[in-house]
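Next come the chains, spelled out residue by residue.
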Amino acid sequence: QAVALGGYEGGVEVWSLRQGVLIRQFMGHRSAIWALACSPCSKRLITGSFDGAAKLWSLESGHCTQEMLATDRTSCGSV
């Protein structure tokens with residue numbers, strides 16, 4: 001079991017709930033994280049940021065596999 005936490009600096013940390021240790025860090029956004037969600041299979045994480053980007057991450061490799069950029073910064077949503 002793990003928990004993902006988004007930060008003001010644009011990074012995401014995934015922590016082990018059992019061991020209390022940092023499992024992985026995701027860096028790539030240029031602004032604060034405002035939304036994140038884990039896939040039902042627990043293999044992917046999607047993050048949304050005030051930089052206008054949503055990023056899909058592989059929890060296994062730690063790499064960003066897809067990036068989607070907002071065309072209208074006035075719109076707001078959640079993932």
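The structure under discussion appears in the preceding block.
On a predicted model such as this, the values are computed, not experimentally measured, just so you know. (Residues numbered from 1 in each chain as written. Predicted model: local features only at pLDDT ≥ 70, side-chain atom pairs only at ≥ 80, totals over all residues. Heavy atoms only, no water.)

1. Things to note about the sheet that holds strand β6 (residues 53-58)
Read from one edge of the open sheet, four strands run β4-β5-β6-β7, paired in antiparallel fashion. Looking at the sheet topology across the chains shown, the edges are occupied by β4 (33-38) and β7 (64-69). Going from strand to strand, the sheet's axes swing by 15 degrees on average, the running direction of each strand aside. Relative to β7, β6 is paired through five bridges, and the arrangement is antiparallel. Bridging from a neighbouring strand, lysine 55 pairs with glutamate 67 of β7. (Pairing = 2+ DSSP bridges. Helix = DSSP H or I, 4+ residues; strand = E, 2+ residues; numbered from the N terminus. Axes fitted to C-alpha atoms, helices over the stretch in contact; angles between N-to-C directions.)

2. Regarding the nonpolar core
Listed in full, the six residues of the largest apolar core are Val12, Val14, Phe26, Ile33, Leu45 and Trp57. Discounting chain neighbours no more than four positions away, the residues touching valine 14 are Ala2, Val3, Ala4, Val21, Leu22, Ile23, Arg24, Phe26 and Leu59. (Core = buried A, V, L, I, M, F, W, Y, C linked by side-chain atoms within 4.5 Å. Buried < 20%, exposed > 50% of the residue type's maximum accessible area, 1.4 Å probe, protein only. Contact = heavy atoms within 4.5 Å.)

3. Comments concerning the layout of surface pockets
A volume near 180 Å³ is recorded for the second largest pocket. Lining the second largest pocket, in full, are Ala2, Val3, Ala4, Val14, Ile23, Arg24, Phe26, Leu36, Cys38, Ser42, Leu45 and Leu59. Tallied by class, residues from the lining of the second largest pocket come to 10 nonpolar, one polar and one charged. (1 Å grid on protein atoms, 1.4 Å probe; cavity = no way out; pocket = protein on both sides within 12 Å on 5 of 7 lines; lining within 4 Å. Points joined across faces, edges and corners; volume = space filled by probe spheres on them. Nonpolar A, V, L, I, M, F, W, Y, C, P; charged D, E, K, R; others polar.)

4. Here's the deal with the pairing of β6
The element β6 is largely enclosed, with a buried count of five among its six residues. Note that strand β5 (residues 44-49) and β6 share five bridges and pair antiparallel. Note on β6: the bridge partner recorded for threonine 47 is lysine 55. The hairpin formed by β6 and β7 contains five residues between the paired strands, and glycine 62 there has a positive phi angle of roughly 85 degrees.

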